[in-house]
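Below, each chain spelled out in residue letters.
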Amino acid sequence: MNIVFMGTPEFAVPSLVALADSGKNIIAVVTQPDRPKGRKQILTPSPVKERAEKLSFPIYQPEKVRDPRFIETIKTLSPDVMVVVAFGQILPQTLLDVPRFGCVNVHASLLPKFRGAAPVHWALIEGERETGVTTMLLDAGMDTGPMLRKKSLTILPQETGVTLSQKLSHLGATVLLETLEDLEKGKLHPIPQDPKLATYAPLLKKMDGEVVWEESAVRIERKWRALTLWPGMFTYHRKGLIKLVTVRVSQEIIRAQPGEVLDAGKEAIIVATGQGSLEILELQPENGRKMTVSQYLSGHPLMRGERLGEK
């Protein structure tokens, strides 16, 4: 089969490599345009583009996949199937209709749970014990197409957004190969999703990283693990922003106002939450370096009874 591969972040790279290593006929790779990155805003290619260049695949980088000129380009390639893995744009119906076998998508959840842009992170935030990968046929909806194959894995107690994403990216590559093998043999049996069971994983924003002290310590810790890479968890001390580098759920059970400092010792700052308390072990002031609690307190006195989170 002639395959057009569409993907952008690191999550999509194992799927691209798996297709190449298995000898699949990739006729083009489509990825997002190069974007400014870092403090110096240097124009940087996507991880998929970097790998596609090493593999010598033709590369296309449309600003918008809805552009009629891009759609005509894909039509001239006559793909049998398009594989879509975390591409980053919604495909219009005119593009979905191009390949004769449709568009196979690799989604990092057990659909119909966690439809949307951030399924890995929301599975952690919501305290799921299990997640996985689903391949499906794309339709015009947001992750609403019929399912093809599923594989699950257990979420470990200390799993982070980074480690879970890495595991799911490799699992996704395996499931993708199995799906395409079934497609070639005519053995696929698409299963419609039950919309009544659907949950959602909306795109994360920077403000999702702000600690809501009214939430439980357990949920705040789960958010911290989920958002480690971006945007990170942060709060405010005397109107100055501080990033929470390392935290854990405290064993202390003291009734106090959410955000109230229960103790500020050399090892940890213990803060009351809506349920239970949280220990801050390492932190980083805005525009500063990572510090232990002892280092931070030497320059930023923090008294018992003070409230964190006040801007």
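Attention here is on the structure that accompanies the text. These numbers come from a predicted model, not from an experiment. (Residues numbered from 1 in each chain as written. Predicted model: local features only at pLDDT ≥ 70, side-chain atom pairs only at ≥ 80, totals over all residues. Heavy atoms only, no water.)

## A look at the side chain of serine 250
Okay, so step 1: Along the polypeptide, serine 250 turns up in the loop between strand 11 (240–249) and strand 12 (261–264).
Okay, so step 2: A relative accessible area of 8% means that serine 250 is categorised as buried.
Okay, so step 3: A distance of 3.5 Å separates a polar atom in the side chain of serine 250 from a polar atom in the side chain of glutamate 279. (Helix = DSSP H or I, 4+ residues; strand = E, 2+ residues; numbered from the N terminus. Buried < 20%, exposed > 50% of the residue type's maximum accessible area, 1.4 Å probe, protein only. Polar contact = N/O pair within 3.5 Å; in protein donor to acceptor, adjacent residues only side chain to side chain.)

## What to know about the sheet that holds strand 8 (residues 130–137)
Okay, so step 1: Read across the open sheet, the seven strands follow the order 5-2-1-6-7-8-9; overall the sheet is mixed. Of all the strands in the sheet, just strand 5 (59–60) and strand 9 (147–154) have a single pairing partner and so form its edges.
Okay, so step 2: Across the sheet, helix 3 (residues 68–77) touches strand 1 (2–7), strand 2 (25–30), strand 5 and strand 6 (81–85), and the angle it forms with strand 2 is around 175°. (Pairing = 2+ DSSP bridges. Contact = heavy atoms within 4.5 Å. Axes fitted to C-alpha atoms, helices over the stretch in contact; angles between N-to-C directions.)

## Focus: helix 2 (residues 47–54)
Okay, so step 1: If you check which residues of helix 2 are buried, you get Val48, Lys49 and Ala52. Around the axis of helix 2, the buried residues are gathered within 95° of arc, so they sit on the same side.
Okay, so step 2: After helix 2 finishes, the residue serine 56 shows a positive phi value of roughly 65°. (Arc of directions from axis to C-beta.)

## Quick notes on the nonpolar core
Okay, so step 1: In this structure, Phe5, Leu168 and Ile280 are the most contacted members of the largest nonpolar core, which totals 62 residues.
Okay, so step 2: Per element, the largest residue contribution to this core is seven residues, and it comes from helix 6 (residues 161–185).
Okay, so step 3: By size, the runner-up hydrophobic cluster in this structure holds 17 residues, among which are Val30, Val65, Leu95 and Val98. (Core = buried A, V, L, I, M, F, W, Y, C linked by side-chain atoms within 4.5 Å.)

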